[in-house]
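Secondary and tertiary structure notes
Here's the letter readout for the chains.
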Amino acid sequence: MEKIKRQEMNQAPNSNFDRETFRMLKNQKTGDFNPESGAIYDQQSPDFTKGIKYKEAERVSREVGSGDKLEKLIEDTVDKLDSLELEPAYADNPYEQKLLSEKIKIAKHYLGDSLNHVIEYVDSIKDMGSIKLDPESPDYKDDLRRSDAERQLKHNSLIDSINIINRFIRNQFAKMPDDKLSEFEAREKAANRPLPHVQRIEWPKNIFLPDNLEISAEPGKREQVMDWAIALSESLAKLKEKIK
């Protein structure tokens with residue numbers, strides 16, 4: 001790894017690099033430039049590419065889990081949704097059956113929407129990566145600033161979508177204290193949103209994400225969601241098909 005880190009281009013610090021540029025590049029966590037000198041590592045080197053991919057995959061797996069593990073959490077969520085049942089007294093009620101089916105369909109829609117946000121967010125990371133390859137461009141800093149803003153917007157949208165699906169599943173299908181359940185049922189009744197008499201079950205802390213992952217848009221607490229999205233990105237097509 002040290003050999004890879006030393007593979008820098010023999011050039012003076014690029015005039016397009018300043019403190020703001022360093023900040024945007026650091027957000028990508030790829031280690032592809034020297035923040036002290038502004039020199040860019042030789043990204044054309046096969047050794048560099050191989051080393052960075054290995055290092056990134058190793059770090060992501062350590063911090064949020066392997067892609068297979070993350071994929072299974074989502075598959076388990078879909079299976080749990082499909083296995084939900086009505087309370088025995090309402091099991092044969094056509095209205096209740098239809099209502100439960102509609103709620104499950106909404107949950108799957110929100111889950112699929114969250115995966116769509118993963119796609120958009122990962123694409124924004126790739127877009128920023130492609131811009132970094134041409135620091136000599138006269139529009140480099142403007143393009144980097146635009147891309148960084150877009151990436152942050154997509155990140156926030158992803159977090160919002162995660163919170164929406166998690167909150168919906170907890171409220172609609174999860175076990176909760178009697179007082180909180182009564183409050184929720186009262187709010188839904190006042191808003192004319194009927195609830196099925198579902199047999200509520202236990203769900204993981206973060207529903208379809210690892211329990212140790214912190215879902216936050218606060219500065220300094222965003223990296224785990226980024227790692228999760230990157231690790232999950234290769235499984236998205238298969239997962240979206242399963243959610244249907």
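With that out of the way, let us pick up the overall build of the chain. Per the secondary structure count, the chain includes nine helices and zero strands. Starting at the N terminus and ending at the C terminus, the chain contains elements arranged as α-α-α-α-α-α-α-α-α. Burial status across the chain gives 41% buried among its 244 residues. Carbon and sulfur atoms make up 50% of the accessible area of the chain, which totals about 13900 Å².

On to the packing of aromatic side chains. Under the counting rule described, the total for this entry stands at three aromatic pairs. Note on Y110 and F168: the rings are 5.4 Å apart at their centroids and 75 degrees apart in plane angle, and the pair reads as edge-to-face. Residue Y110 is located in helix α5 (residues 94-132), and its partner F168 is located in helix α6 (residues 140-173); the two are separated by 58 residues in the primary sequence. The interplanar angle of 80 degrees and the centroid separation of 6.2 Å between the aromatic rings of F168 and F173 together place this pair among those described as edge-to-face. There is no split in this pair, since F168 and F173 are both buried.

For the rest of this paragraph, the subject is the packing of helix α4 (residues 67-83) against helix α8 (residues 223-232). Across the interface, α4 lies against α8 with an axial gap of 9 Å and an inter-helix angle of 95 degrees. In terms of orientation, α4 and α8 fall into the roughly perpendicular class. For the pair α4 and α8, contact is made by G67, L70, E71 and I74 and by W228, A231 and L232, respectively. Taken together, the residues of the contact of α4 with α8 sort by class into five nonpolar, one polar and one charged.

The next thing to look at is α5. Along its 39 residues, α5 runs 58 Å from first to last C-alpha, staying within 8% of the 57 Å computed at 1.5 Å per residue. Regarding α5, its N-cap is N93, as a side-chain oxygen of that residue lies 2.9 Å from the backbone nitrogen of Y95 further along.

Attention now goes to the packing of α6 against α8. Contact geometry of α6 with α8 gives a least axis separation of 11 Å together with a crossing angle of 85 degrees. Overall, the two elements α6 and α8 adopt an arrangement that is roughly perpendicular. On α8, the residues that touch H155, L158, I159 and I162 of α6 are V225, M226, W228 and A229. Classifying every residue of the contact of α6 with α8 by side-chain character gives seven nonpolar, one polar and no charged.

Attention now moves to helix α9 (residues 236-243). All buried positions along α9 are accounted for by L236, L239 and I243. What you see down the axis of α9 is that its buried residues fit within an arc of 65 degrees, all on one side. Away from the buried face of α9 by more than 90 degrees, exposed residues A237, K238 and E241 are located.

Ranked by internal contacts, the top residues of the largest apolar core, which has 39 residues, are F173, F208 and W228. Looking at this core, the elements that each hand over two or more residues are α4, α5, α6, α8 and α9. At nine residues, α5 tops the list of elements feeding residues into this core. For F173, the residues in contact, after removing those within four places along its chain, are L81, L84, L100, K103, I104, A107, F168, V198, R200, I201 and W203.

Time to look at the pattern of salt bridges. Tallied over the entire structure, the rule returns eight salt bridges. A salt bridge links K72 to D76, with the shortest nitrogen-to-oxygen separation between them at 3.0 Å. You can see K72 and its partner D76 sitting in helix α4, four residues apart, about one turn around the helix. The partly exposed category is assigned to K72, whose relative accessible area is 47%. Taking the relative accessible area as the measure of exposure, D76 reaches 30% and is therefore partly exposed.

Before going further, it helps to examine unusual backbone geometry. The phi dihedral of N192 is positive, around 60 degrees, even though this residue is not glycine. Mapped onto the elements of the fold, N192 is located in the loop between α7 (178-190) and α8. Of note, I207 is a non-glycine position whose phi angle comes to about 60 degrees, a positive value. Positionally, I207 belongs in the loop between α7 and α8.

About the cut-offs
- Residues numbered from 1 in each chain as written.
- Predicted model: local features only at pLDDT ≥ 70, side-chain atom pairs only at ≥ 80, totals over all residues.
- Heavy atoms only, no water.
- Helix = DSSP H or I, 4+ residues; strand = E, 2+ residues; numbered from the N terminus.
- Buried < 20%, exposed > 50% of the residue type's maximum accessible area, 1.4 Å probe, protein only.
- Areas by Shrake-Rupley, 256 points an atom, 1.4 Å probe, with all protein chains shown as cover.
- Phe/Tyr/Trp six-rings, centres within 6.5 Å; stacked < 30°, edge-to-face > 60°.
- Axes fitted to C-alpha atoms, helices over the stretch in contact; angles between N-to-C directions.
- Parallel < 35°, antiparallel > 145°, perpendicular 65-115°, else oblique.
- Contact = heavy atoms within 4.5 Å.
- Nonpolar A, V, L, I, M, F, W, Y, C, P; charged D, E, K, R; others polar.
- Expected span 1.5 Å × (residues − 1).
- Polar contact = N/O pair within 3.5 Å; in protein donor to acceptor, adjacent residues only side chain to side chain.
- Arc of directions from axis to C-beta.
- Core = buried A, V, L, I, M, F, W, Y, C linked by side-chain atoms within 4.5 Å.
- Salt bridge = Lys/Arg side-chain N within 4 Å of Asp/Glu carboxyl O.

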